[in-house]
Amino acid sequence: MTDLSLSRPLPRAIPGGSLSGRDLRVFLIAAILLLAGAVYLNHLVGWRQAALFAVGGGLGITLYHAAFGFTSSWRVFIADRKGAGLRAQMVMLALGSLLFFPALAAGSLFGQPVEGFVSPAGTAVVIGAFLFGVGMQLGGGCASGTLFTVGGGNTRMVVTLFFFVVGSVIATAHLPWWFSLPAPPPVSIVDSLGLGPALALNLSIFAAIAAGTWWLEKRRHGVAAPIAGERSQPLWRRLTRGPWPLVWGAIALALLNFATLYLAGRPWGVTSAFALWGAKGAQALGVDILSWPYWSAREAALEAGIAHDITSVMDIGLVLGALAAAGLAGKFAPVWRIPARSLLAAAVGGVLLGYGARLAFGCNIGAYFSGIVSGSLHGWLWLVAAFIGNIAGTKLRPLFGLAVERTPRQTVC
């Protein structure tokens, strides 16, 4: 059974190691759009917005070449105890914490005021993260995964993205009720414990999770897969054409998030842009969005152009970066025939992703990655609730004709 929602695109043979004419055109189009977008943003908004667009491009290249998919990594661990993807995430979070915590404790980075994503760890986060987790497995991707696979040519993920936007804007109509549910005040462990103890606590948890996944994988399979990869081709070729070892992706994502902290004054986020796009679309269709409390407090964002929204600019850059990477790797190969059950899963999953992200103050990037490296307790609560949601979503996948990867067990006669 073919799983059309896997985060890692299926490679095609590249005759003689050279790009086809179509692949070269795809790469050049993406590269030109990235360059033109940066020039435009520099002129219209300023150099920081142009730089954030470029960072988004770098994120897209990294996610694509390293196939750094949160969804597939969690699924293969849940179903088959293969934990290389989770161990790579712990490396990413550890490096991110080492970079972020001192800057957040100081309140500035190279003279630029900065602050983290610190949100209440309440009922809305639990429900929202759980829904997001189910949506990850049905939709076939997380927030960053949806964007980079769309850029890489996965046509099914375009459906997921559309309904991700729909779910996001629907959630904004209900947020006042959700946010009225019990929730403690936002807690930053950097502020509460101090820099040293907070860093030691986070690093200890990352190490424990990585060790646990290694032990469980080794127990089931006899060996645990490395995240450093093997040198199978020249360095320049791996950098430009992929695939990258997972650890390269982990390091690059942490560094690019740190660059975002400096340029934007806050960490990397993804899904607030989806809500904005959906609200603008609904407004264009005649919906009185400004009568909703969530948007009446964000009227300026609705009236401003997309080019002025940091998250939107980075999301578009991410898609173009993944498109450039897919073209350069010779893997841009859209598939147009998609089973109806798979499309239904994409639609249902997309709505759950969008709705859940807004309730939980973010997604796998804004709440999990950026929340944890911001020292926010809500990031850890998000991880637990979303992982449980992924377990449920993994069990639901076969109902929609979606594969769950398992290594065949050896039988002894």
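Keep in mind the model is a prediction, meaning the values are calculated, not measured.

Asker: Go over the packing of helix H4 (residues 84-106) against helix H11 (residues 246-264), please, and point to the residues and values.
Answerer: One can describe the packing of H4 onto H11 by two numbers: an axis separation of 8 Å at closest approach and a directional angle of 25 degrees. It follows that H4 is roughly parallel to H11 by the angle criterion. The two elements H4 and H11 cross, and the hand of that crossing is right-handed. Where H4 approaches H11, its residues Ala84, Gly85, Ala88, Val91, Met92, Leu95, Gly96, Leu99, Phe100, Ala103 and Leu104 are matched on the opposing element by Leu246, Val247, Ala250, Ile251, Leu253, Ala254, Leu255, Asn257, Phe258 and Leu261.

Asker: Residues and numbers for the packing of helix H3 (residues 70-80) against H4, please.
Answerer: Between H3 and H4, the least distance of the axes is 8 Å, while the angle of their chain directions is 130 degrees. Taken together, H3 and H4 sit at an angle that is classed as oblique. From H3, Phe70, Ser73, Trp74 and Phe77 reach across to H4, where they touch Gly85, Leu86, Gln89 and Met92. Grouping the amino acids of the contact of H3 with H4 by side-chain chemistry returns 5 nonpolar, 3 polar and no charged.

Asker: Outline helix H1 (residues 21-44), listing residues and values.
Answerer: Helix length check: H1 (24 residues) gives 34 Å between terminal C-alpha atoms against 34 Å at 1.5 Å per residue, within 8%. Of the residues making up H1, those classed as buried are Asp23, Val26, Ala30, Leu34, Gly37 and Leu41. Phi turns positive one or two residues past the end of H1, at Gly46, with a value near 150 degrees.

Asker: Please provide a residue-by-residue account of the pattern of salt bridges, values included.
Answerer: Per the counting criterion, the structure on display carries 3 salt bridges. Linking Glu405 and Arg75 is a salt bridge whose minimum nitrogen-to-oxygen distance equals 2.8 Å. Of the two residues, Glu405 is situated in the segment after helix H18 (377-396) and Arg75 in helix H3; the sequence distance between them amounts to 330 residues. Take Glu405: its relative accessible area is 24%, and that puts it in the partly exposed class. Here Glu217 and Arg87 are joined by a salt bridge, their closest N and O atoms 2.8 Å apart. Linking Glu217 in helix H9 (residues 195-221) with Arg87 in helix H4, this pair joins segments that are 130 residues apart in sequence. You'll find Glu217 and Arg87 in the same group, each marked buried.

Asker: Tell me about the environment of Ser188, residues and numbers included.
Answerer: Structurally, the position occupied by Ser188 is in the loop between helix H7 (155-178) and helix H8 (189-193). Expressed as a C-alpha distance, the spacing of Ser188 and Ser374, which sit 186 residues apart in the sequence, is 7.4 Å. Each residue touching Ser188, except ones within four places of it in the same chain, is listed here: Val118, Ser374 and Gly375.

Asker: Explain the nonpolar core residue by residue, including any values.
Answerer: Of all hydrophobic cores here, the largest spans 88 residues; its most connected members are Phe68, Leu93, Phe132, Trp268, Tyr368 and Trp382. Top contributing element to this core by residue count: H4, with 11 residues. Excluding its chain neighbours within four sequence positions, the residues that come into contact with Tyr368 are Phe70, Trp74, Gln89, Met90, Leu93, Cys363, Gly379, Trp382 and Leu383. Core analysis: the next-biggest nonpolar cluster, separate from the first, contains 15 residues, Val169, Leu276, Ala282 and Ile289 among them.

Asker: Any chance you could break down empty space enclosed by the protein for me, citing the residues and the numbers?
Answerer: Applying the stated rule across the entire model yields 2 cavities of 30 Å³ or more. Estimates place the volume of the second largest cavity at around 30 Å³. At the level of secondary structure, the elements contributing two or more residues to the lining of the second largest cavity comprise H3 and H4. Per-class residue counts for the lining of the second largest cavity are 4 nonpolar, 4 polar and no charged.

Asker: So what about the layout of surface pockets? Which residues, and what values?
Answerer: Size it by volume and the largest pocket reaches roughly 640 Å³. Lining the largest pocket are 26 residues, and of these Phe117, Ser272, Tyr294, Arg298 and Arg358 lie nearest its centre. Elements represented by at least two residues in the lining of the largest pocket include exactly helix H12 (272-284) and helix H13 (293-296). Of all the elements, H12 adds the most residues to the lining of the largest pocket, at 3 residues. Its residues placed into classes, the lining of the largest pocket shows 12 nonpolar, 9 polar and 5 charged.

Asker: Any details on the confidence of the model for the protein? Residues and values, ideally.
Answerer: With 93% of its residues at a pLDDT of 70 or more, the protein shows a mean pLDDT of 91. Scored below 50 in pLDDT, residues 1-16 makes 40 contacts in the model with residues more than four places away or belonging to other chains. Taken together, the stretch residues 409-413 has pLDDT below 50 and engages in 1 contact with residues farther than four places along the chain or on a different chain.

Asker: Before we move on, could you go through the packing of aromatic side chains and cite the residues and values that matter?
Answerer: This model, assessed by the stated rule, comprises 21 aromatic pairs. Ring centres of Trp74 and Phe387 lie 5.7 Å apart, and the angle between their planes is 55 degrees; this geometry places the pair in the tilted category. Pair noted here: Trp74 is in helix H3 and Phe387 is in helix H18, with a separation of 313 residues, a long-range link. Residue classification places Trp74 among the buried positions, given a relative accessible area of 0%. Exposure remark for Phe387: the relative accessible area of 22% places this residue in the partly exposed category. Here the aromatic residues Phe68, Phe70, Trp74, Phe77, Phe132, Phe164, Phe274, Trp277, Tyr368, Trp382 and Phe387 are joined through ring pairs into a cluster of three or more. The lysine or arginine in question, Arg298, covers the ring of Tyr294, its NZ or CZ lying 3.7 Å from the ring centre.

Thresholds applied
Residues numbered from 1 in each chain as written. Predicted model: local features only at pLDDT ≥ 70, side-chain atom pairs only at ≥ 80, totals over all residues. Heavy atoms only, no water. Axes fitted to C-alpha atoms, helices over the stretch in contact; angles between N-to-C directions. Helix = DSSP H or I, 4+ residues; strand = E, 2+ residues; numbered from the N terminus. Parallel < 35°, antiparallel > 145°, perpendicular 65-115°, else oblique. Left-handed = near helix turned anticlockwise from the far one by under 90°. Contact = heavy atoms within 4.5 Å. Nonpolar A, V, L, I, M, F, W, Y, C, P; charged D, E, K, R; others polar. Expected span 1.5 Å × (residues − 1). Buried < 20%, exposed > 50% of the residue type's maximum accessible area, 1.4 Å probe, protein only. Salt bridge = Lys/Arg side-chain N within 4 Å of Asp/Glu carboxyl O. Core = buried A, V, L, I, M, F, W, Y, C linked by side-chain atoms within 4.5 Å. 1 Å grid on protein atoms, 1.4 Å probe; cavity = no way out; pocket = protein on both sides within 12 Å on 5 of 7 lines; lining within 4 Å. Points joined across faces, edges and corners; volume = space filled by probe spheres on them. pLDDT = per-residue confidence, 0-100. Phe/Tyr/Trp six-rings, centres within 6.5 Å; stacked < 30°, edge-to-face > 60°. Lys NZ or Arg CZ within 6 Å of the ring centre and 35° of its normal.

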